[in-house]
Amino acid sequence: MTSTTLRAATPRDAGRLTEVFLAARTRAMPWLATPHSDEETADWMAGVVLRDLTVLVAHEGDVVQGLLALAPGWVEHLYVDPAAQGRGVGHLLLSQAQRRSPSGLQLWVFTRNTPARRFYERAGFRLVEQGDGRGNEEREPDSRYRWP
């Protein structure tokens, strides 16, 4: 088990959260299109994600290990730094989302991201819809999951 704790994100976290987001996506999905530059992604993290969503930071001391971004009834983003993967950080974040949303959650995951799909299925999410990629910027087929 990890000594990771959670806290609410602040605007000061934007840079590090962008780094985690980019590194996790690159590691897990090297095949994924990147419709935005790193700078555009940083602007989006600071100006949209941190402004419009409830964002939690997983950290161990001063080291940011992951992020969870929630909208009512939705897991919008859950990313763990590749260096912290396999240590329970993702489970900690997802468990917090489930505690905060006892009436249920939904999320989209890219269909080819099999490890993420297995992760969500182990947490009790079930597949309810598959898309052909027309609904996301990456134009990548995706799958919608629901819990409980």
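Residues numbered from 1 in each chain as written. Predicted model: local features only at pLDDT ≥ 70, side-chain atom pairs only at ≥ 80, totals over all residues. Heavy atoms only, no water.

Caption draft 1: Broad picture of the nonpolar core. Core analysis: the largest hydrophobic core is formed by 20 residues, its most contacted members being Leu68, Val75, Leu78, Leu93, Leu107, Tyr120 and Phe125. Among the secondary structure elements, those contributing two or more residues to this core are β2 (54-60), β3 (63-71), β4 (74-80), α3 (89-100), β5 (105-110), α4 (114-122) and β7 (142-147). The element best represented in this core is α3, accounting for 4 residues. Once you skip the residues sitting within four places of it in the chain, Val75 turns out to touch Leu68, Ala69, Leu70, Leu94, Ala97, Leu105, Gln106 and Leu107. Judged by nonpolar contacts, the second largest core, of 14 residues, contains Leu17, Val20, Val49 and Leu50. (Core = buried A, V, L, I, M, F, W, Y, C linked by side-chain atoms within 4.5 Å. Buried < 20%, exposed > 50% of the residue type's maximum accessible area, 1.4 Å probe, protein only. Helix = DSSP H or I, 4+ residues; strand = E, 2+ residues; numbered from the N terminus. Contact = heavy atoms within 4.5 Å.)

Caption draft 2: Structural context of α3. In a regular helix each residue adds 1.5 Å, so 12 residues correspond to 16 Å; α3 covers 17 Å between its end C-alpha atoms and thus fits that length. Burial in α3 covers these residues: Val89, Gly90, Leu92, Leu93, Leu94, Ser95, Gln96, Ala97 and Gln98. (Expected span 1.5 Å × (residues − 1).)

Caption draft 3: A look at the pattern of salt bridges. On inspection of all chains with the given rule, the structure shows 9 salt bridges. One salt bridge in this structure joins Asp52 and Arg51, with 2.7 Å as the shortest N-O distance. On the accessibility criterion, Asp52 (46% relative accessible area) is partly exposed. Where Glu129 meets Arg144, a salt bridge forms, and the shortest distance between an N and an O atom there is 2.7 Å. In this pair, Glu129 is assigned in strand β6 (residues 126-131) and Arg144 in strand β7, connecting sequence segments 15 residues apart. Under the relative-accessibility criterion, Glu129 is labelled partly exposed at 33%. (Salt bridge = Lys/Arg side-chain N within 4 Å of Asp/Glu carboxyl O.)

Caption draft 4: Quick peek at the packing of helix α1 (residues 14-28) against helix α2 (residues 38-52). In contact at an axis separation of 9 Å, α1 and α2 are set at 120° when each is read in the N-to-C sense. In terms of axis orientation, α1 runs oblique to α2. As for the relative orientation of α1 and α2, their crossing is right-handed in sense. On α2, the residues that touch Ala14, Leu17, Thr18, Phe21 and Leu22 of α1 are Asp38, Thr41, Ala42, Trp44, Met45, Ala46 and Leu50. When the residues that make up the contact of α1 with α2 are grouped by side-chain class, the tally is 9 nonpolar, 2 polar and 1 charged. (Axes fitted to C-alpha atoms, helices over the stretch in contact; angles between N-to-C directions. Parallel < 35°, antiparallel > 145°, perpendicular 65-115°, else oblique. Left-handed = near helix turned anticlockwise from the far one by under 90°. Nonpolar A, V, L, I, M, F, W, Y, C, P; charged D, E, K, R; others polar.)

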